[in-house]
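As a plain string of letters, each chain reads:
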Amino acid sequence: MPEIRVFPAAGEADEVRSLDLYNAIHPREPASLSEARDWRRQQRHSELFLAELDGELAGSAHIGIPTYSDLPTGKAYVLSTRRRHGVGRALYAALASWAVAHAAEAMQTFIDDDDAESLAWAERRGFREVSREALVELPLAAYEPRPVEPPAGVEIVTWAERPELARGLYDVAAEVGPDIPGDQDHRIEPFEEWLSVHMQGVADRPESTFVAVADGEVVGYAKLTFWDAKPETLFHELTGVKRAWRGRGIARALKHAQLNWAKEQGYATLRTSNEARNEPIRRLNAALGYTPIPGRIKLEGPLAQ
Ligand SMILES: CC(C)(COP(=O)(O)OP(=O)(O)OC[C@H]1O[C@@H](n2cnc3c(N)ncnc32)[C@H](O)[C@@H]1OP(=O)(O)O)[C@@H](O)C(=O)NCCC(=O)NCCS
């Protein structure tokens, strides 16, 4: 019988071993050590596990309970050459025990939509699809700057230019969050916590957060984040416009400002993730020339130990 040992990471060497393994298995979505650590900073509770098969590292798993939900999100990953020996099962059991100890009743995970083997593995354990994230990219090599034309009375600025707008950004996030399909378990944190988790991470910079302001009120914003492990690519996080201001071209103006800025700064690619049912943002991105790349499926499953 092969010997499987699962244990929590202890120190930087384990963190690096886990991350190297994660990046080897997920080359399209690499993370740097600072990004992995920031992910953990953003969780209320989190843990990282490693798994050895006959004394050699074969797999790893991470899990966290975010500040905006009670549902833990976890992921187990096993080197392709070390699969079918029970390492994934042992890691899943460790995640499930951890989640039960943190009063959870279920967990979520993300699997690439073209990874049939992992999807079948999760489905055998009772995981079911709850939403689909379509990923799209825009290469900037051929991009020509576009006009930034918000409706009359609305100006587009950066948060770096207007740092006092933080509370207004929060109000937009609070209003638009419930309108995003697939995030039904999400709730907004108190302001200071929201600011720290969503706006002051290693990937966040005020100069890449574009804000629509009408008569001093923040009516929308669009945030681009940096990607340490893939530095030529920027990622669009939230694009949100308050309900009363939708349908007037504000999101388009914000996006044009972002695209122009990214091109001017010399970035090669913009990437974003849109829930499959989110028609408004998907249409806008398609109109701007973003094209699909393989996406991700969000699944929810039981905590079988
Ligand atoms: C998505 C969102 C930001 C759009 O803001 P907006 O200011 O109303 O968008 P615009 O007026 O600039 O519309 C630009 C284009 O987007 C698309 N679009 C916007 N709203 C749409 C809708 N309700 N249905 C279909 N397409 C829509 C269209 O292509 C539109 O161009 P058109 O008017 O020429 O047809 C807004 O609906 C929102 O805040 N939603 C909640 C948050 C969210 O889901 N954000 C995206 C995930 S991060």
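Numbers given for residues are sequential positions, taken from 1 along each chain in its written order. Owing to the predicted nature of the model, reporting of local features is limited to residues with pLDDT of at least 70; listing and counting of side-chain atom pairs is limited to 80 or more, with chain, interface and lining totals taken over all residues.

1. A closer look at the overall build of the protein
Using the following cut-off: Numbering goes from the N terminus for both helices and strands, where a helix is a DSSP run of H or I of at least four residues and a strand is a run of E of at least two. For the radius of gyration, the atom set is restricted to C-alpha positions; the globular benchmark scales as 2.2 Å times the number of residues to the power 0.38. Exposed residues have 12 or fewer other C-beta atoms within 10 Å of their own C-beta, buried residues have 20 or more, and residues in between are partly exposed; the C-beta atoms are placed from the backbone. A residue pair is marked as a contact if its C-beta atoms, positioned from the backbone, fall within 7 Å.
Looking only at helices and strands, the protein features eight helices and 12 strands. Its C-alpha atoms give the protein a radius of gyration of 20 Å, near enough to 19 Å, the size a compact globule of 305 residues would have. Seen through its principal axes, the protein has C-alpha atoms that stretch 70 × 40 × 35 Å. Counting every position in the protein, which comprises 305 residues, the buried fraction comes to 31%. For the protein, long-range pairs separated by at least 24 residues make up 72% of all intrachain contacts whose partners lie at least 6 apart in sequence.

2. Remarks on the site of the ligand
The test is simple: Residues are classed as near a molecule or strand if the C-beta position derived from their backbone is within 6 Å of it. Each residue receives one of three labels: charged for Asp, Glu, Lys and Arg, nonpolar for Ala, Val, Leu, Ile, Met, Phe, Trp, Tyr, Cys and Pro, and polar for the others, Gly being one of them.
Taken together, 21 residues sit near the ligand, with Arg246, Ala251, Pro280, Arg283 and Leu284 positioned nearest. Of all the secondary-structure elements, those providing two or more residues to the shell around the ligand are strand 10 (233-241), helix 7 (250-264) and helix 8 (279-287). A total of six residues in the shell around the ligand trace back to one element, the largest contributor, which is helix 8. Looking at the shell around the ligand residue by residue, the classes come out as 10 nonpolar, five polar and six charged.

3. Section: the pairing of strand 12 (residues 291-301)
Let me state the cut-off plainly: Being paired, for any two strands, means DSSP has found at least two bridges between them.
Where strand 5 (residues 107-112) meets strand 12, six bridges bridge the pair, whose relative direction is antiparallel. By the bridge assignment, Thr109 is partnered in strand 12 with Leu299.

4. Examining the domain arrangement of the protein
One frequently used descriptor of interface size is the decrease in accessible area upon assembly of the parts. The line we're drawing: These domain boundaries are the output of an automatic or database domain assignment.
Domain annotation of the protein identifies domain 1 (4-105) and domain 2 (137-297). Computed over C-alpha atoms, the centres of domain 1 and domain 2 are 30 Å apart. Across the boundary between the two partners, domain 1 contributes 11 residues, which contact 13 residues of domain 2. When its residues are assigned to classes, the side of domain 1 that touches domain 2 shows four nonpolar, five polar and two charged.

5. Let's talk about the nonpolar core
The following threshold applies: Each nonpolar core consists of buried Ala, Val, Leu, Ile, Met, Phe, Trp, Tyr and Cys residues. Their C-beta atoms, within 7 Å, join them into a set.
Counting 23 residues, the largest nonpolar core has Phe49, Ala51, Ala61, Ala76, Leu91, Ala94 and Leu95 as the members making the most contacts within it. Taken together, the elements giving at least two residues each to this core come down to helix 1 (12-25), strand 2 (43-53), strand 3 (56-66), strand 4 (73-78) and helix 3 (87-101). For this core, the leading source of residues is helix 3, giving nine residues. Residues in contact with Ala94, not counting those within four places in the same chain, are Val6, Phe49 and Ala61.

6. Focus on the packing of helix 5 (residues 166-176) against helix 6 (residues 191-199)
To keep it simple, the criterion reads: What counts as an axis is a line fitted to C-alpha atoms, over the stretch in contact for a helix, and the angles between N-to-C directions run from 0 to 180 degrees. Small angles under 35 degrees read as roughly parallel and large ones over 145 as roughly antiparallel, with 65 to 115 read as roughly perpendicular and the rest as oblique.
Contact geometry for helix 5 and helix 6: axes closest at 11 Å, N-to-C directions at 90°. Put simply, helix 5 runs roughly perpendicular to helix 6. Between helix 5, through Ala166, Arg167, Tyr170 and Ala173, and helix 6, the contact on the second element is made entirely by Phe191, Trp194 and Leu195. In terms of residue class, the contact of helix 5 with helix 6 is built from six nonpolar, no polar and one charged.

7. Description of the environment of Asn23
Checked against the element boundaries, Asn23 lands in helix 1. Each C-alpha atom, one on Asn23 and one on His256, is 32 Å from the other, the two residues being 233 residues apart in sequence. Aside from chain neighbours lying at most four places away, what touches Asn23 is Pro30 and Ala31.

8. A look at unusual backbone geometry
If a residue is not glycine, its phi is most likely negative; likewise, a peptide bond is most likely trans. Positive phi outside glycine occurs at Asp54, with the angle close to 50°. Mapped onto the elements, Asp54 comes out in the loop between strand 2 and strand 3. When the 12 C-beta atoms within 10 Å are taken as the criterion, Asp54 is described as exposed.

9. A short note on helix 5
Listing the buried residues of helix 5 in full gives Gly168, Leu169, Tyr170, Val172 and Ala173. Buried positions along helix 5 lie against helix 6, strand 8 (209-214), strand 9 (217-225) and strand 10.

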